[in-house]
Amino acid sequence: MSLQLERIELREIELPLKSPFETSFGRTTRRRILIVRIFNRDGAYGYGECVASENPFFNHETIDTAWLITTKHVAPLLEKSQIETASQVNDALAPIRENRMAKGGVEAAIWDLDSKLSGEPLWRHIGGTQQEIVCGVSIGLQDSTEALLDKVGWEVDSGYQRIKIKIKRGKIWQLAAAVRKRFPAITLSVDANSAYRLDTDTELLKRLDDYNLLMMEQPLMPGDLLDHSKLQQKLQTPICLDESIVCLANARHAHELDACRIINIKLGRVGGFSEAKRIQSFAQEHGIPVWCGGMLESGIGRAHNIALSTLPGFTLPGDISASSRYWNEAIIEPPVTVSRQGTIHVPTGLGIGFEVREDLIEALTVRRETVHLTAH
Ligand code: OSB
Ligand code: MG
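Residue positions are given per chain, counted from 1 along the sequence in the order it is written. All chains are assigned letters beginning with A, and all ligands numbers beginning with 1, in the order in which they are written. With the structure being a predicted model, the display of local features is reserved for residues of pLDDT at least 70 and the display and counting of side-chain atom pairs for 80 or more, all residues being used for whole-chain, interface and lining totals. Side-chain descriptors were evaluated using all non-hydrogen atoms of the structure, hydrogens and water having been removed beforehand.

1. Digging into the overall build of the protein
Move 1: A helix here means a DSSP run of H or I that spans at least four residues, while a strand means a run of E at least two residues long, and both kinds are numbered starting from the N terminus. Counting secondary structure elements, the protein contains 14 helices and 15 strands.
Move 2: All radius of gyration figures rest on C-alpha atoms, and the globule criterion is 2.2 Å times the number of residues raised to 0.38. The C-alpha radius of gyration computed for the protein amounts to 20 Å, which stays within 12% of the reference 21 Å derived for 376 residues, consistent with globular compactness.
Move 3: Principal-axis analysis of the C-alpha atoms places the extent of the protein at approximately 65 × 40 × 35 Å.
Move 4: Under the scheme applied here, a residue whose accessible area is under 20% of the maximum for its type counts as buried, over 50% as exposed, and between as partly exposed, the area being computed with a 1.4 Å probe on protein chains only. A buried classification covers 60% of the 376 residues belonging to the protein.
Move 5: Across the protein, contacts joining residues at least 24 apart in sequence account for 73% of those joining residues at least 6 apart.
Move 6: Surface accessibility follows the Shrake-Rupley procedure with a 1.4 Å probe radius. Residue values consider only the protein chains on display as shielding. Accessible surface, the protein: about 15000 Å² in total, of which carbon and sulfur atoms supply 50%. Contacts are residue-level and defined by heavy atoms, with any inter-residue pair within 4.5 Å sufficient.

See below:
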């Protein structure tokens, strides 16, 4: 039976972050978030969140390009393809090159709808097996080392199982050194978001081997698999790739080159659950641990990330933390909370398993557009 998709509704909501989030590529104080809702002909619907940022600094996409791609290109392809299940969305949208965050937001909404229609929680519907997932936090660049140490202390006390700190040029090993000195026993990683170059920074990056890091995330540019491989051969610390892995082929190439030993899977970056599952299966087959990354999602994206993290092979703590770390008000009910042991209990309700606070979304909406998928 066809899913009988009827229309796509896009909304932009604006959410101020509790405190600015800074990486090597920039500082975010407010998030402009694209919420996707897809209806079928019976009026049932599913929710997705497009994780594209305000600026094309993490990758080429922005919320504005994703909006355009969704209305002008994704919608007509969906209309034409008459898909029967969520698992067919990826192939139906394959003619669109890249623009994976745009496609991923739509695909996620269709998975939510499909799982609701099947009477299942989303995490089961995608083949998830873990009912409790392990969580870590990502801590942005701070104004001072003291401020960073305070934040780390706070998150460790909250129970998070892994602390990741952002690093940037000029601060390659100093921040890790300071955190490791104050917290000798925590599980610690660093994320450079492509801040470094093989030719100028290898010697400095090697100093990070002294701090017993779980991983070094994305030290070099996204396309530089060969350079990551050269760097990995000189490091003891496992490299984890984030920006570099947007599809299964990238994961395969990275593995064949020994360019990384861990993979961060982000639903939006790879274009949705189908591709994420392919990467996860490949990684599991080859003994590569994976974990779920975050993009400062609101509650809807967070709920999808929780579902993704239930797949086998997601053994390392993900960047999935409590809604309240980022937002004053959650757009889902109940908000995502994390246990004192740094875990999230996966919800048992249908679809994403959280109520969406539609009144609140309505109040936060600054832009909306609906595209019909049936001619009449
Ligand atoms: O590289 O993992 C990243 C946020 C925005 C863009 C890129 C990244 C991040 C994070 C935040 O590290 C993780 C989170 O959502 O908690
Ligand atoms: Mg990252």
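2. Here's the deal with the pattern of salt bridges
Move 1: Salt bridges, as used here, are contacts in which a Lys or Arg side-chain nitrogen is within 4 Å of a carboxyl oxygen on Asp or Glu. Enumeration over the complete set of coordinates arrives at 30 salt bridges.
Move 2: Here Arg32 ties to Asp64 by a salt bridge, and the two come within 2.9 Å at their closest N and O atoms. Of this pair, Arg32 sits in strand S2 (residues 26-40) while Asp64 sits in helix H1 (residues 63-81), and the two are 32 residues apart along the sequence.
Move 3: On the basis of relative accessible area, Arg32 is assigned to the partly exposed category, the value being 21%.
Move 4: Using a relative accessible area of 33% as the deciding quantity, one classes Asp64 as partly exposed.

3. Some words on the site of ligand 1
Move 1: Distances are taken per atom, and a residue is near a molecule or strand as soon as one of its heavy atoms is within 4 Å of it. Near ligand 1 you find 17 residues, and of these Ser138, Asp191, Asn193, Leu296 and Tyr326 are the closest.
Move 2: The definition of a polar contact used here is a pair of N or O atoms within 3.5 Å, where within protein one atom must be able to donate a hydrogen and the other to accept one, and adjacent residues in sequence count solely through side-chain atom pairs. The separation between an oxygen atom of ligand 1 and a polar side-chain atom of Tyr326 is 2.6 Å.
Move 3: Gly is put with the polar residues, along with every residue not named as nonpolar or charged; the nonpolar set is Ala, Val, Leu, Ile, Met, Phe, Trp, Tyr, Cys and Pro, and the charged set is Asp, Glu, Lys and Arg. Residue composition of the shell around ligand 1, grouped by class: six nonpolar, three polar and eight charged.

4. Some words on the coordination of the magnesium ion (ligand 2)
Move 1: Of the protein atoms, only Asp191 (OD), Glu217 (OE) and Asp242 (OD) coordinate the magnesium ion (ligand 2), at distances of 2.0 to 2.3 Å.
Move 2: Overall, the relative accessible area of 0% leaves Asp242 in the buried class. In this description, a donor is an N, O or S atom within 2.8 Å of the metal centre, a cutoff extended to 3.2 Å for sodium, potassium and calcium. Water is not part of the atom list, which can make sites seem incomplete.

5. Describing the environment of Leu316
Move 1: Along the chain, Leu316 falls in the loop between helix H12 (299-308) and helix H13 (323-326).
Move 2: Along the primary structure Leu316 and Leu214 are separated by 102 residues, whereas in three dimensions their C-alpha atoms are 9.7 Å apart.
Move 3: Contacts of Leu316, omitting those with residues within four sequence positions, involve Val134, Leu214, Met215, Ile262, Pro289, Val290 and Trp291.

6. Structural notes on helix H5 (residues 145-158)
Move 1: Multiply 1.5 Å by the residue count of a helix minus one, and that product is the helix's expected span. Here H5 contains 14 residues, and its C-alpha end-to-end distance of 20 Å stays within 8% of the 20 Å for a straight helix at 1.5 Å per residue.
Move 2: When H5 is considered as a whole, its buried residues turn out to be Leu148, Leu149, Val152, Gly153 and Glu155.
Move 3: Buried positions along H5 lie against strand S5 (137-139), strand S6 (163-166), helix H6 (174-182) and H13.

7. Here we look at the side chain of Ser138
Move 1: Looking at the element boundaries, Ser138 is found in strand S5.
Move 2: You can call Ser138 buried: its relative accessible area is 7%.

8. Quick look at the sheet that holds strand S7 (residues 188-191)
Move 1: Two strands qualify as a pair provided DSSP detects at least 2 bridges between them. Strands sit in the order S5-S6-S7-S8-S9-S10-S11 across an open sheet of seven strands; the sheet is parallel. Looking at which strands have only one partner, the edges of the open sheet turn out to be S5 and strand S11 (290-292). Pairwise comparison of adjacent strand axes, ignoring direction, gives a mean angle of 25° for this sheet.
Move 2: The sheet contact formed by S6 and S7 spans four bridges and is parallel. Paired with Lys164 across the strands is Ser189, a residue of S7. To get an axis, fit a line to the C-alpha atoms, keeping to the stretch in contact for a helix; angles then go from 0 to 180 degrees between the N-to-C directions.

9. Some words on unusual backbone geometry
Move 1: Here the amide bond leading from Glu333 into Pro334 is cis, since omega sits at -10°, within 30 degrees of zero.
Move 2: Here Pro334 is to be found in the loop between strand S12 (332-333) and strand S13 (343-345).
Move 3: Even without a glycine there, the phi angle at Asn99 is positive, about 50°.
Move 4: Inspection of the secondary structure assignment puts Asn99 in the loop between helix H2 (89-92) and helix H3 (100-117).
Move 5: Residue Asn99 is classed as buried on the basis of its relative accessible area, which comes to 14%.
Move 6: The residue Asn193 is not glycine, and still its phi comes out positive at about 45°.

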